[in-house]
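A closer look at the structure
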Amino acid sequence: MSEPLDPRVDAQRVAEAVRDTMFANDRASKGLGMRIEAIGPGTATLSMAVREDMLNGFDICHGGFVTTLADSCFAFACNSHNEVTVASGFAIDIVAPSRLGDVLTATAVETSLAGRTGVYDIRITNQRDELIAVFRGRSYRIKGKPVVPELAAAR
């Protein structure tokens, strides 16, 4: 008789499978050059280099790109439990500019998960660990719809 898996290990494997499935189809994140640095149950870390085509008229990274990085990180974190989860809203505060060549890193942490709703806090920093923005996302889970159906059937 085999021992049951440690629930933390099982949850980590689920998060990794969800990451792989989602990223395979995520044209927006890939198109912006985002990389998934880490994934776990309720957490994610993504990075993105600021390119020339991301600069606004003041030669700083357009806030929409900073927001998109945070939103992608939020999506991976809130879907990591293998239930299709969408944003129901978010707020972002950009506190410092980012410039050409900066590498931005967004790190999401699950702050609350109750029923179908969740709250996730994301910090965006640059390569010097300077705070660029803070983002709070609110999520809504779609009942009975797994991201990776094969994992749901195994439970």
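So, here's what we can say about the structure.

Calculation notes
Residues numbered from 1 in each chain as written. Predicted model: local features only at pLDDT ≥ 70, side-chain atom pairs only at ≥ 80, totals over all residues. Heavy atoms only, no water. Salt bridge = Lys/Arg side-chain N within 4 Å of Asp/Glu carboxyl O. Phe/Tyr/Trp six-rings, centres within 6.5 Å; stacked < 30°, edge-to-face > 60°. Helix = DSSP H or I, 4+ residues; strand = E, 2+ residues; numbered from the N terminus. Buried < 20%, exposed > 50% of the residue type's maximum accessible area, 1.4 Å probe, protein only. Lys NZ or Arg CZ within 6 Å of the ring centre and 35° of its normal. Pairing = 2+ DSSP bridges. 1 Å grid on protein atoms, 1.4 Å probe; cavity = no way out; pocket = protein on both sides within 12 Å on 5 of 7 lines; lining within 4 Å. Points joined across faces, edges and corners; volume = space filled by probe spheres on them. Nonpolar A, V, L, I, M, F, W, Y, C, P; charged D, E, K, R; others polar.

Before going further, it helps to examine the pattern of salt bridges. In the structure shown here, the tally under the stated rule is six salt bridges. Here D53 ties to R51 by a salt bridge, and the two come within 3.0 Å at their closest N and O atoms.

Right, let's get into the packing of aromatic side chains. Taken as a whole, this structure holds four aromatic pairs when the rule is applied. Considering the side-chain rings of F74 and F135, the 5.8 Å spacing of their centres and the 55° angle between planes classify their relative orientation as tilted. Of the two residues, F74 sits in helix 3 (residues 63-79) while F135 sits in strand 6 (residues 131-141), which places them 61 residues apart along the sequence. By relative accessible area, F74 is classed as buried at 1%. Through a chain of ring-to-ring contacts, the aromatic side chains of F74, F90, Y120 and F135 assemble into a single cluster. Sitting over the face of the ring of F23, K30 holds its NZ or CZ atom 5.4 Å from the ring centroid.

Of all the seven residues making up strand 2 (residues 43-49), five are buried; the element is thus mostly covered by neighbouring parts of the structure. Strand direction decides the pairing type here: strand 1 (residues 35-40) and strand 2, joined by five bridges, are antiparallel. Directly across from A38, in strand 2, lies its bridge partner T45. In this structure, strand 2 lies alongside strand 4 (residues 103-114), joined through seven bridges in antiparallel fashion. Counterpart to T43 in the pairing with strand 4 is V109.

Moving on, we come to the layout of surface pockets. Here the second largest pocket defines a volume of roughly 180 Å³. For the second largest pocket, the full set of lining residues is M22, D26, D71, F74, A75, C78, N79, V84, T85, V86 and A87. Where the lining of the second largest pocket is concerned, the elements lending two or more residues are helix 3 and strand 3 (85-94). Taken together, the residues of the lining of the second largest pocket sort by class into seven nonpolar, two polar and two charged.

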